[in-house]
Amino acid sequence: MSADHGAGAEAVESKHERPKHELSAHAKRVYAIRDLLLEKGVLTKNDIQEQVEYMEARTPANGARLVVRAWVDAGFKKRLLADPKAACAEMGIDATSLNEFVVLENTEKVRHLVVCTLCSCYPRPILGRPPDWYKSLNYRARAVNDPRGVMREFGNEVPDDVEIRVHDSTADMRYLVLPLRPKGTEGMSEEELQRLVIRDSLIGVVDPLPAVPKQ
Amino acid sequence: MPRGHHDLGGTPAGPIDRTEHQLDDWEILADAVNQALGAKGIRRTDELRRAREQMDSGLYRALSYYERWIASLETILIEKKILTKEEIDRKVTALEAKWGEP
Amino acid sequence: MSLAVGKYKAGDRVRVRTDDRPGHVRTPYYVRGKNGWVERVYGEFLNPESLGHGGDGLPQRPLYLVGFHQNEVWGEYRPLGRDKLFVDIFEHWLDPA
């Protein structure tokens, strides 16, 4: 490894220290690949560090902000459904690296569920990295032919008269669910509402958290 | 043609493991190196997908998510003659010596 | 995203082809040969089948959001009802139904 450790190398390696000789064969190879790419000038330390920071800046809180603004502002909701990337820009959320972005609106009678059966496509530029379960082979297999069973595993029993629409992200579109606003949340601030919009409700496997009853 | 091992929709599968893990350093690095190569136009997303689809099916199921990324990234870098397998192997050996193999 | 492209418009009934092509394809196995409808016209996009093998993805192909009734895709799907499945499919994988 080169002697001049730039900020990039240190930033990545300071987080979860684990003795490197204990890593799996494939895990070790990424360090070799990184070093070689740096040595050959294919990438710079900055290139890598930029991407580390890019992903760290993206969390489900972005999705929660979009959803809550749509809940409280009917005009914004219309704009979000018609042109989600522009609506993100309005909220100061950088969605520019998404090719295409589609928002799926839940209603009393319709719930959406998003999956990528072929790999793990996910709206990373908005929400950050997907959860492990979303990338799992079992979710990818069952979301399309057993969405109700999958949702039940997450504690979400969907009545038969509610329609489930599963979206398999096979192309450039990335999907975000706009969940239904929970009942009894009138008068809550946007910040309070955002706490109800958990990440899994943006994928559609569960509904947002219910309103906490007032003491 | 047999169905690809990645083409999982509707295949028999068990319960979903909902435990989540904090990413290890090497996973964060795999993610960042992959994205950086994409940002520079060195590799296309579909090339990586294709490399994963072509890998040995047993390996596909045995490797973890980021291990699959690293394996397919290596395939593409070698295909594009940016790196060779030999030099990666040599570098791994050198790193292992530095890290102190027990 | 241009919308006035391609053979199909929203509402058209389509069937997914059962082509057995080698290489990188993004039409999942489980919808091949199934009947559905065009839900949305997404416009034209680079062809992943070319991109996957180092090609430039040109010419761009029309892409559609295609809807299916779950009861028609899977023989044992329950409940019998209105549940639906949507997949993003390129025009060259679709025939009129």
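Our structure's up above, just so we're on the same page.
Throughout what follows, the structure given in this document is the object of discussion. Computed from a predicted structure; not experimentally measured.

**Section: the overall build of chain A**
- A tally of regular secondary structure across chain A gives 12 helices and four strands.
- C-alpha atoms of chain A, sized along the principal axes, occupy 60 × 40 × 35 Å.
- Per-residue burial for chain A yields a buried fraction of 43% across its 215 residues.
- Nonlocal contacts in chain A, meaning residues at least 24 apart in sequence, comprise 71% of its contacts between residues at least 6 apart.

**Section: the packing of helix α1 (residues 25-39) of chain B against helix α4 (residues 65-79) of chain B**
All names here are of chain B.
- Close contact between α1 and α4 brings their axes to 10 Å; oriented N to C, the two are set at 40°. Comparing their axes, α4 and α1 come out oblique. Considering how the two elements wind past one another, α1 and α4 form a crossing that is left-handed. Between α1 and α4, the contacting residues are Glu27, Ala30 and Asn34 on the first element and Tyr66, Trp69, Ile70 and Leu73 on the second.
- Grouping the constituent residues of the contact of α1 with α4 by class yields five nonpolar, one polar and one charged.

**Re the interface of chain A and chain B**
- Contacts between the two partners involve 48 residues from chain A and, on the opposite side, 51 residues from chain B.
- Among the elements of the structure, α1 (7-13), α2 (25-39), α3 (45-56), α8 (132-135), α9 (137-145) and α10 (147-153) of chain A are those that each provide at least two residues to the side of chain A that touches chain B.
- The leading source of residues in the side of chain A that touches chain B is α2(A), at 12 residues.

**So, unusual backbone geometry**
- The peptide bond linking Leu58(C) to Pro59(C) adopts the cis configuration, its omega dihedral lying at -5°.
- With respect to the helices and strands, the residue Pro59(C) is situated in the loop between α1 (48-51) and β3 (61-69).
- Residues Arg78(C) and Pro79(C) are joined by a peptide bond in cis, for which omega reads 5°.
- Locating Pro79(C) in the fold gives a position in the loop between α2 (70-73) and β4 (84-90).
- Of note, the phi angle at Lys81(B) is positive, near 60°, even though the residue is not glycine.
- Relative to the assigned elements, Lys81(B) resides in the loop between α4 and α5 (85-99).
- Among the residues examined, Lys81(B) registers 7 C-beta atoms within 10 Å and is labelled exposed.

**Quick notes on the pairing of strand β2 (residues 35-45) of chain C**
Residue and element names in this part refer to chain C.
- Looking at chain direction, strand β1 (residues 13-16) and β2 are connected through three bridges and run antiparallel. Looking at the pairing, Arg15 lines up with Asn35 of β2.
- Pairing between β2 and β3: seven bridges, direction antiparallel. Residue pairing for β3: Glu44 is matched across the bridge by Pro62.

**Some points on the sheet that holds β3(C)**
- Sheet architecture is open: seven strands sit in the order β2(A)-β3(A)-β4(C)-β3(C)-β2(C)-β1(C)-β5(C), paired in mixed fashion. The open sheet has two edge strands, β2 (110-115) of chain A together with β5 (94-96) of chain C, and neither has a second partner. For this sheet the average axis-to-axis angle between neighbouring strands, irrespective of direction, equals 35°.
- Packing against the sheet, α9(A) makes contact with β2 and β3 (163-168) of chain A together with β4 of chain C, and its axis sits at approximately 150° to β2(A).

**A few points about the nonpolar core**
- Membership of the largest hydrophobic core comes to 63 residues, with the highest contact counts inside it found for Val67(A), Val115(A), Val166(A), Tyr64(C), Val66(C) and Ile89(C).
- Per-element accounting of this core gives the leading share, six residues, to helix α4 (residues 60-72) of chain A.
- With near-sequence residues (within four places) excluded, Val67(A) lies in contact with Leu178(A), Pro179(A) and Val197(A).
- Grouped together as the second largest cluster of nonpolar side chains are 27 residues, Tyr31(A), Ala30(B), Tyr66(B) and Leu77(B) included.

Rules used throughout
Residues numbered from 1 in each chain as written. Chains lettered and ligands numbered in written order. Predicted model: local features only at pLDDT ≥ 70, side-chain atom pairs only at ≥ 80, totals over all residues. Helix = DSSP H or I, 4+ residues; strand = E, 2+ residues; numbered from the N terminus. Buried ≥ 20, exposed ≤ 12 C-beta atoms within 10 Å, placed from the backbone. Contact = placed C-beta atoms within 7 Å. Axes fitted to C-alpha atoms, helices over the stretch in contact; angles between N-to-C directions. Parallel < 35°, antiparallel > 145°, perpendicular 65-115°, else oblique. Left-handed = near helix turned anticlockwise from the far one by under 90°. Nonpolar A, V, L, I, M, F, W, Y, C, P; charged D, E, K, R; others polar. Pairing = 2+ DSSP bridges. Core = buried A, V, L, I, M, F, W, Y, C linked by C-beta atoms within 7 Å.

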